[in-house]
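What the coordinates show
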Amino acid sequence: MTPAELHQDAIVIDGLIIAKWNRELFEDMRKGGLTAANCTVSVWEGFQATVDNIVKTNALMAESSDLVRPVRTTADITRAKEEGKTGIIYGFQNAHAFEDQIGYVEIFKQLGVGIVQMCYNTQNLVGTGCYERDGGLSGFGHEIVAEMNRVGIMCDLSHVGETTSREVIEASEKPVCYSHCLPSGLKEHPRNKSDEELRFIADNGGFVGVTMFTPFLRAGVDATVDDYVEAIEYVMNIVGEDAIGVGTDFTQGHDKQFFEWLTHDKGYARRLTSFGKIINPEGIRTIGEFGNLTEALLKRGMSERQVRKIMGENWVNVLKDVWGS
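One structure accompanies this document, and this report is about it. Along each chain, numbering runs from 1 in the same order as the chain's sequence is written. Only residues with pLDDT of at least 70 are given local features in this predicted model, and only at 80 or more are side-chain atom pairs given and counted; all residues enter the totals for whole chains, interfaces and linings. Side-chain descriptors were evaluated using all non-hydrogen atoms of the structure, hydrogens and water having been removed beforehand.

Now for the packing of helix α7 (residues 162-171) against helix α8 (residues 195-203). To get an axis, a line is fitted to the C-alpha atoms, and for a helix only the part in contact is used. The angle between two axes follows their N-to-C directions and goes from 0 to 180 degrees. Each helix corresponds to a stretch of at least 4 residues labelled H or I by DSSP, and each strand to a stretch of at least 2 residues labelled E; elements are numbered beginning at the N terminus. Here α7 crosses α8 at 15°, and the two axes come no closer than 10 Å. Comparing the axis directions of α7 and α8 gives the class roughly parallel. For the element pair α7 and α8, the recorded crossing hand is left-handed. Where α7 abuts α8, its residues Glu 162, Arg 166, Ile 169 and Glu 170 lie against Glu 197, Phe 200 and Ile 201. In this count, Pro and Cys sit with the nonpolar residues alongside Ala, Val, Leu, Ile, Met, Phe, Trp and Tyr, while Asp, Glu, Lys and Arg are called charged and the others, Gly among them, polar. Class assignment for the residues of the contact of α7 with α8 results in three nonpolar, no polar and four charged. The cut-offs work like this: below 35 degrees is roughly parallel, past 145 is roughly antiparallel, 65 to 115 is roughly perpendicular, and the gaps in between are oblique. Each crossing is labelled by how the near helix is turned from the far one, with a counterclockwise turn of less than a right angle marking it left-handed and a clockwise turn marking it right-handed. Throughout, a residue-residue contact means that at least one pair of heavy atoms, one from each residue, lies within 4.5 Å.

In structure tokens, the structure reads:
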């Protein structure tokens, strides 16, 4: 197969997209051959605002049903591939929307939420993010993890502190993930994960999605798709070819105000970080260029089997373990 043929034939899953929701985005997903994606519907929002986001997104998806379909099970991912559509997995980047109600976990599962990050950069009722002193997983957090296991929502630890992450990994009876991270072995950054952290999650049945967010890549804003592949290969050499996938962190369509909201605690309080210029690696600037990643992985010397795993098959397997179907 040519790289283009392989990309068209493969299951292609992005483990994290936080782009601006509109039909143009869905059209670009189709252009890029995306089979499914974990799409953020909550960051700093509480319960009601998150429900409102889901209502709006449901309506938008209904209007674009020729391009996208909801995903509740891995069978829905297969159907999306067969239908030539992109499957949308609802995901949170913060457990804040659960507020202090364990029962909200099941409610959101019923609304289609399949992946929830435990904390977004700072502390919440569950645990601590990566930008402040880490107090670990709270007692309430242990109950939330158990409930997420029960209903079938995957625990995501990408923006979570090291201690809280380790304790979630140890507490969870289902596989957990870093849906979108990079290795600190290539660049030191509070959002990047050490070799030890990557090895620990893999050794405990977890999963790593590798991001291409340039502030965290070694080459920064000068990065290309080949620099992204370098990071994927680095992580794969630690976690193995069955525990790795893609989690781009595409922010396509958002403006400066959106990034200000993301980089302040609770969306408005103290500044946590500053990203500077936001530009994706050359060669994969937009979701529509996703096929260039398949080509770059093959050029790096990876086999067709490895590329299929990285581009999506591994995500399907771990999600089936967590979701149960």
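Next comes the rest of the write-up.
A separate point is the packing of aromatic side chains. Stacked, tilted and edge-to-face pairs are distinguished by plane angle, under 30 degrees for stacked and over 60 for edge-to-face with tilted covering the rest, among Phe, Tyr and Trp rings (Trp via its six-membered ring) whose centres lie within 6.5 Å. As enumerated under the stated definition, the model contains 15 aromatic pairs in all. Arranged with centres 5.2 Å apart and planes meeting at 90°, the rings of Trp 44 and Tyr 120 form a pair that is edge-to-face. Placement of Trp 44 in the loop between β2 (36-42) and α3 (47-63) and of Tyr 120 in the loop between β5 (113-117) and α6 (139-151) is noted, with a sequence separation of 76 residues between them. For the pair shown, Trp 44 and Tyr 120 are each scored as buried. Following the ring pairs from residue to residue traces out a cluster consisting of Phe 47, Phe 92, Phe 98, Tyr 104 and Phe 108. Whether a residue is buried, partly exposed or exposed follows from its accessible area with a 1.4 Å probe, protein chains only, as a fraction of its type maximum: under 20%, in between, or over 50%, in that order.

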